[in-house]
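Structural characterization, general
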Amino acid sequence: MNITKPFKLKTLFIDEYETLQFESLELLLQKSGDYLENFGFISDEIDEIDENIESTKLLKLIIKYCKKIKFLDLPELNGQNLNTALSLIENIKQSLNYLSINCYYFELSSVILRDLGQVLPSELEYLNLCLTFYASDFKVFFRKFSKYFY
């Protein structure tokens, strides 16, 4: 990757990120991070431990280089990458308009709802949550998030 000028990449969706060379991805994000507005990643769950490490590394790169993300798709939140994902949301909340989150772990859904209500921007236009939770968890989320409107 011998890119010397900024690379005006606005959208990046990564499939099979476990096979990526993170050094190359970091170079790409260094050159295009100021322009990136849409980001998401998906993966086949081949080795869950490696996947958790890789997804956390990927989220940390986005935090480091991308400050203007408007559309964020986080399809694989789990106990290993949840805090990093919430840090990313907090980091880009000034520009974030669209957010999609999936979590297939029942126990984490409550944690996501509890913590997400505190970091979401009030200007958010679209929120897609694919979670499994109790109605009481959603009430807590809504109370924390709705405080921005009063």
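Up top is the structure these notes are about.
Presented here is a report on the structure given in the accompanying data block. (Residues numbered from 1 in each chain as written. Predicted model: local features only at pLDDT ≥ 70, side-chain atom pairs only at ≥ 80, totals over all residues. Heavy atoms only, no water.)

1. Observations concerning the pattern of salt bridges
Enumeration according to the criterion identifies six salt bridges in this entry. The partner of Glu54 in a salt bridge is Lys57, with the nearest N and O atoms 3.8 Å apart. Placement of the pair is Glu54 and Lys57 together in helix α2 (residues 48–65), with a separation of three residues, close to one helical turn. Residue Lys57 is classed as partly exposed on the basis of its relative accessible area of 37%. Among the salt bridges present, the one from Arg114 reaches Asp115, with a minimum N-O distance of 2.9 Å. Residue Arg114 is classed as partly exposed on the basis of its relative accessible area of 39%. Judged by its relative accessible area of 18%, Asp115 falls in the buried class. One network of salt bridges, with partners in common, ties together Lys10, Glu37 and Lys70. (Salt bridge = Lys/Arg side-chain N within 4 Å of Asp/Glu carboxyl O. Helix = DSSP H or I, 4+ residues; strand = E, 2+ residues; numbered from the N terminus. Buried < 20%, exposed > 50% of the residue type's maximum accessible area, 1.4 Å probe, protein only.)

2. What to know about the pairing of strand β2 (residues 38–42)
Alignment of strand β1 (residues 11–15) against β2, held across five bridges, turns out to be parallel. Paired with Thr11 across the two strands is Asn38, which belongs to β2. When β2 meets strand β3 (residues 71–74), the two strands line up parallel, connected through three bridges. Residue pairing across strands places Phe39 opposite Leu72, the latter belonging to β3. (Pairing = 2+ DSSP bridges.)

3. Looking at the pairing of strand β4 (residues 98–102)
By the criterion of burial, β4 is predominantly enclosed, with four of the five residues buried. The pairing of β3 with β4 spans four bridges and is classified as parallel. Each residue of the ladder has a partner; that of Leu72, found in β4, is Leu99. With respect to chirality, the unit in which β3 leads through helix α3 (residues 82–92) into the neighbouring parallel β4 is right-handed. Pairing of β4 with strand β5 (residues 126–130) involves five bridges; the strand directions are parallel. Paired with Ile101 across the strands is Leu129, a residue of β5. At this point the chain moves from β4, through helix α4 (residues 106–119), to the parallel β5, and the crossover so formed is right-handed. (Right-handed = clockwise from strand over helix to strand, strands pointing away.)

4. Brief notes about the sheet that holds β2
Whenever strands of a sheet pair, they do so through backbone hydrogen bonds, lying parallel or antiparallel. Spatially, five strands are ordered β1-β2-β3-β4-β5 in an open sheet, and the strand pairing comes out parallel. Whereas interior strands pair on both sides, the edge strands pair on one side only; in this sheet they are β1 and β5. Each strand of the sheet is rotated relative to its neighbour by a mean of 5°, with strand direction disregarded. Contacts from α3 reach β3 and β4, with the element oriented near 175° to β3. (Axes fitted to C-alpha atoms, helices over the stretch in contact; angles between N-to-C directions. Contact = heavy atoms within 4.5 Å.)

5. Side note on the packing of α3 against α4
α4 packs onto α3 with a crossing angle of 20° between their chain directions and a minimal axis gap of 10 Å. Taken as axis vectors, α3 and α4 run roughly parallel relative to one another. Crossing geometry of α3 relative to α4 is assigned as right-handed. Note on element contacts: α4 touches α3 through Leu108, Val111, Ile112, Asp115, Leu116 and Val119, opposite Leu82, Leu86, Ile89 and Glu90. Across the contact of α3 with α4, the residue classes break down as eight nonpolar, no polar and two charged. (Parallel < 35°, antiparallel > 145°, perpendicular 65-115°, else oblique. Left-handed = near helix turned anticlockwise from the far one by under 90°. Nonpolar A, V, L, I, M, F, W, Y, C, P; charged D, E, K, R; others polar.)

Remember that the coordinates give geometry; whether it matters functionally is a separate question.
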